[in-house]
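Structure at a glance
Each chain, written out:
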Amino acid sequence: MKEPICLIIPGSPFLADSRVFPTLGIIRIAAVLENQGYPVEVLDLNAVDNYEAVVGEYLSTYAGTFVGIGLTTPQMPIVEKIITTIRQARSDVKICLGGSHPTAVHASHRRAQRLGEVGRAHNAMSRLLEVSDVIVAGDGEEAISLALAPNAPKV
């Protein structure tokens, strides 16, 4: 049997109602993984105020070693706190970031590299690389299989 995969939906406290915009991307990734035979656990932290405690408690019983987190740009501060909690609780967990923020940052960074620029895109990409083990840019349906590999490229 394959190891369980945890996918985290971070909260969006900047929205008046965090349930207005469903997080279909990460749910689609869950469906792809289930079709590949992985048991998938989705931790939805929308409207959860004590999300760091919830993540810590969840990790105490989580049997897997892979956590995927989908995020938008405004969620980055929350995701960094979630990652800190994960790293403190389980040093063996591989953290994968995906979603619109990593995708936009990756595209901006590649463009800046082509133009020989160093600035905001470089700093944002450096931060993503610093806090995660692997980044999925673009549609994750195919890339998630690569991200799960033990020798996965960083991006």
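The preceding data block contains the structure.
Okay, so let's go over this structure.

What counts, and where the lines are drawn
Residue numbers here run from 1 along each chain, matching the order of that chain's written sequence. It should be noted that, the model being predicted, local features are given only for residues of pLDDT at least 70 and side-chain atom pairs only at 80 or more, the latter also being counted only at that level, while totals for whole chains, interfaces and linings use all residues. To get the side-chain values, take all heavy atoms of the structure and skip hydrogens and water. We count a stretch as a helix when DSSP gives it H or I for four or more residues in a row; a strand needs E for two or more, and each element gets its number in order from the N terminus. C-alpha atoms define the radius of gyration in this analysis, and the globule rule sets the expected value at 2.2 Å times the number of residues to the power 0.38. Relative accessibility thresholds used throughout: buried, under 20% of the residue-type maximum; exposed, over 50%; partly exposed, between the two (1.4 Å probe, protein chains only). Throughout, a residue-residue contact means that at least one pair of heavy atoms, one from each residue, lies within 4.5 Å. What sets the accessible areas is the Shrake-Rupley method with a 1.4 Å probe; for residues, cover comes only from the shown protein chains. Think of a salt bridge as a Lys or Arg side-chain nitrogen and an Asp or Glu carboxyl oxygen that are within 4 Å of each other.

Quick word on the overall build of the protein
On a plain count of helices and strands, the protein comes out with 6 helices and 5 strands. Traced from its N-terminal end to its C-terminal end, the protein shows the element sequence β-α-β-α-β-α-β-α-α-β-α. Over its C-alpha trace the protein gives a radius of gyration of 15 Å, about what one expects of a compact globule, namely 15 Å for 155 residues. By principal-axis analysis of the C-alpha atoms, the protein measures approximately 45 × 40 × 30 Å. Classification of the 155 residues of the protein by burial places 42% in the buried group. Long-range pairs, those at least 24 residues apart, make up 75% of the contacts in the protein between residues at least 6 apart in sequence. Carbon and sulfur atoms provide 54% of the accessible area of the protein, an area that totals close to 8400 Å².

Here we look at the pattern of salt bridges
Applying the stated criterion across every chain, the model contains 5 salt bridges. A salt bridge links glutamate 141 to arginine 28; its shortest N-O distance comes to 3.6 Å. Note that glutamate 141 is positioned in helix H6 (residues 140-148) and arginine 28 in helix H1 (residues 24-35), a separation of 113 residues in sequence. You can call arginine 28 partly exposed: its relative accessible area is 43%. A salt bridge links arginine 90 to aspartate 92; the shortest N-O distance between them is 2.8 Å. For arginine 90, a relative accessible area of 14% puts it in the buried group. Look at aspartate 92 and you get partly exposed, because its relative accessible area is 41%.

Examining unusual backbone geometry
At alanine 47, a residue that is not glycine, the phi angle is positive and equals roughly 65°. Summarising the element assignment, alanine 47 is placed in the loop between strand E2 (40-44) and helix H2 (51-59). Assessed through its relative accessible area of 65%, alanine 47 is described here as exposed.

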